[in-house]
Amino acid sequence: MQRLQIVKDDPWLESNEQEINERSQRYLDKLNWINQDFDSLYKFANRHEYLGFNYNTKLKKYTYREWAPQANKLELVGDFNDWNGESHILTNIGEGIWELTFDLATYFKKHDSTTCKVRVHSEKGVYDRIPAYATETFQNPENYDYSAVISKRKRKY
């Protein structure tokens, strides 16, 4: 393996050269994976524009997407559906991405926001978690549990 320039420039790093080479290789492997699967680091870094909660101004509805490649089923649960996952089941659209388009207009007539979680069904069992791309969270003062927040302030796309 060719010696890295950083080690050539700094002899004090020679004793750590193997670890530096391994770390450099992990970086290059990850960058190669990103470029292969997402075309560029820029597209990978902007996944939040596709995943998470986005308000579609044309449909006047929210689209929620979550990357969960090991899941068997995903449900969106929250105040808006009395934590009933069966009413808001996501569809697997491929490559580990799940999607649901839904309307909160009726709920928002009475409330400014709603708390929610994604219910994950997998080989490990069933559990609720905060959506990975949530932009706002709320901690319940009674049980200290966190949930994501969807509010009337809409992120548009």
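Reading guide: rules and limits
Residues numbered from 1 in each chain as written. Predicted model: local features only at pLDDT ≥ 70, side-chain atom pairs only at ≥ 80, totals over all residues. Heavy atoms only, no water. Salt bridge = Lys/Arg side-chain N within 4 Å of Asp/Glu carboxyl O. Helix = DSSP H or I, 4+ residues; strand = E, 2+ residues; numbered from the N terminus. Pairing = 2+ DSSP bridges. Axes fitted to C-alpha atoms, helices over the stretch in contact; angles between N-to-C directions. Buried < 20%, exposed > 50% of the residue type's maximum accessible area, 1.4 Å probe, protein only.

Just to check I follow, could you spell out the pattern of salt bridges for this structure?
Once their charged atoms are close, side chains differing in charge can pair, the charge on each being opposite to the other. Overall, the coordinates contain 10 salt bridges when judged by the stated rule. Here Lys 43 makes a salt bridge to Asp 39, at a shortest N to O gap of 3.5 Å. One salt bridge in this structure joins Arg 129 and Glu 66, with 3.0 Å as the shortest N-O distance. One end of the pair, Arg 129, is in strand β7 (residues 125-129); the other, Glu 66, is in strand β2 (residues 61-67), and 63 residues separate them in sequence.

For this particular structure, what's the right way to read the sheet that holds strand β1 (residues 52-56)?
The strands that make up a sheet are held in pairs by hydrogen bonds between backbone atoms, and each pair lies either parallel or antiparallel. If you walk across this open sheet you meet the four strands as β1-β2-β5-β4, and the pairing is antiparallel. Two strands lie at the open edges of the sheet, namely β1 and β4 (91-94), each paired on one side alone. Sheet twist, expressed as the mean angle between neighbouring strand axes with direction ignored, is 30 degrees. One ladder, built from three bridges, connects β4 with strand β5 (residues 97-102); its direction is antiparallel. Counterpart to Gly 94 in the pairing with β5 is Ile 97.

Got a minute to help me understand unusual backbone geometry in this structure?
Excluding glycine, residues mostly carry a negative phi; peptide bonds, for their part, are mostly trans. Look at Trp 83: it is not a glycine, yet its phi comes out positive at around 60 degrees. Structurally, the position occupied by Trp 83 is in the loop between β3 (71-78) and β4. Here Trp 83 falls in the partly exposed class, since its relative accessible area comes to 32%. In the Ramachandran plot, Glu 95 falls in the positive-phi region, its phi being about 55 degrees despite a non-glycine side chain.

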